[in-house]
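# Observations on chain architecture
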Amino acid sequence: MAYIRKRLDAWEVSINKKGFPRQSRTFATKADAEKWARQIEAEMDRGIFVSRKESEKTTLSEALDRYEREVTPLKKGVVQELSRVRILKNSFLANRSMASIQGKDIAKYRDDRLKNVSEATLRREFTILSHVFKIAIKEWGMAGLANPVEAIRLPSGRGKVRERRLMPGELDRICEISESLSLPSLVRLAVETGMRRGELAGMTWDNVDLKKRTVTLSETKNGEKRIVPLSPEALRILSGLPRRLDGEVWGLKDDHSISTAFIRAVSRARAVYEKECEEKKEKPDTSFLVDLTFHDLRHEATSRFFEKGFNVMEVASITGHKTLQMLKRYTHLKAEDLAKRMDG
């Protein structure tokens, strides 16, 4: 039988039923306490009760610590994931037990976060949070635990599609001001090939065939091998690079280092540009060297491939985009142009 009593600002539930270990939980409201008691007693009566002791004594923060040690290192994009894990650890959910977190709590986290971040950012956090619960249930002995992330409406993750293209002079200024010796060649190669940041970071000279004018990518975001053709400019860039003793192509060996160097170079280039405008008594362009990310270089490269006349399948083979939908926004096809082509 369930015994419910109020202690300070919380409601404590104890269930003592013959043949089962004593169960106890504390809740913020009496309604939640009664609901939990009914659920546990019903499971005991039906013979399907599973002890939630492990999930009740483990906080989300402790689960995230274990996930960070055992699961995250096996993934790509470790630095980005660690950053998202830290955000979850600083949330109001962190000190709650795994068993006490409900769909309504996840919904509150969702609504609060969307005031400050995009849907895409929040969806990435939820991917990690949901995986933590799945691993806890399947591998950490937290039987009977429900995954509260699956109980709510998830943000689409699409958000507003970025259409940022390089403005004339931006790439040159970034390369000229860069403190990193590798960054100028790396960003120019990114624009020539459309390779992702992580793909560039993992390049070794063993992957590069200057005679065939190709770079072989054995590990990509999609998990599929891809061979990237090299333009004359890309070939010139790689041919002019010194060979490193470790076999790596760049001094920047991970995607986080690349992003950091790129952001710093863009910021410094913008500062120099503003100073030049001030000296000339000119008003600086508010868009020049502003809101520019390394991923925008991939967008720039993909757009240029279409401008050169490559079709969707050809571009997809170069960039590694898996679906037509991903590339549709680059084609800018007009109905009237398609109608003219039907005349023949």
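The structure reproduced in this document is the subject of the present report.

Reading guide: rules and limits
Residues numbered from 1 in each chain as written. Predicted model: local features only at pLDDT ≥ 70, side-chain atom pairs only at ≥ 80, totals over all residues. Heavy atoms only, no water. Pairing = 2+ DSSP bridges. Helix = DSSP H or I, 4+ residues; strand = E, 2+ residues; numbered from the N terminus. Axes fitted to C-alpha atoms, helices over the stretch in contact; angles between N-to-C directions. Contact = heavy atoms within 4.5 Å. Phe/Tyr/Trp six-rings, centres within 6.5 Å; stacked < 30°, edge-to-face > 60°. Buried < 20%, exposed > 50% of the residue type's maximum accessible area, 1.4 Å probe, protein only. Lys NZ or Arg CZ within 6 Å of the ring centre and 35° of its normal.

## Concerning the sheet that holds strand β2 (residues 10–15)
As summarised here, the arrangement of the three strands in space is β1-β2-β3, forming an open sheet in which the pairing is antiparallel. The sheet is open, and its two borders are formed by β1 (2–7) and β3 (23–27), each paired with just one other strand. Ignoring which end each strand starts from, the neighbouring axes of this sheet average 20 degrees apart. With five bridges joining them, β2 and β3 adopt antiparallel strand pairing. Residue I15 lies in a different strand from β3, and its bridge partner there is Q23. In this fold helix α1 (residues 30–46) packs onto β1, β2 and β3, with an angle of close to 15 degrees to the strand it touches most, β2.

## Observations concerning the packing of aromatic side chains
Within this structure, the stated rule accounts for five aromatic pairs. On the numbers, 6.2 Å between centres and 85 degrees between planes, the contact of F305 with F310 is edge-to-face. The class for F305 is buried, based on a relative accessible area of 6%. Above the face of the F92 ring, K108 is positioned so that its terminal group lies 4.7 Å from the ring centre. Directly above the aromatic system of W205 lies the positively charged group of R243, at a separation of 3.9 Å from the ring centroid.

Structural measurements only, silent on function.
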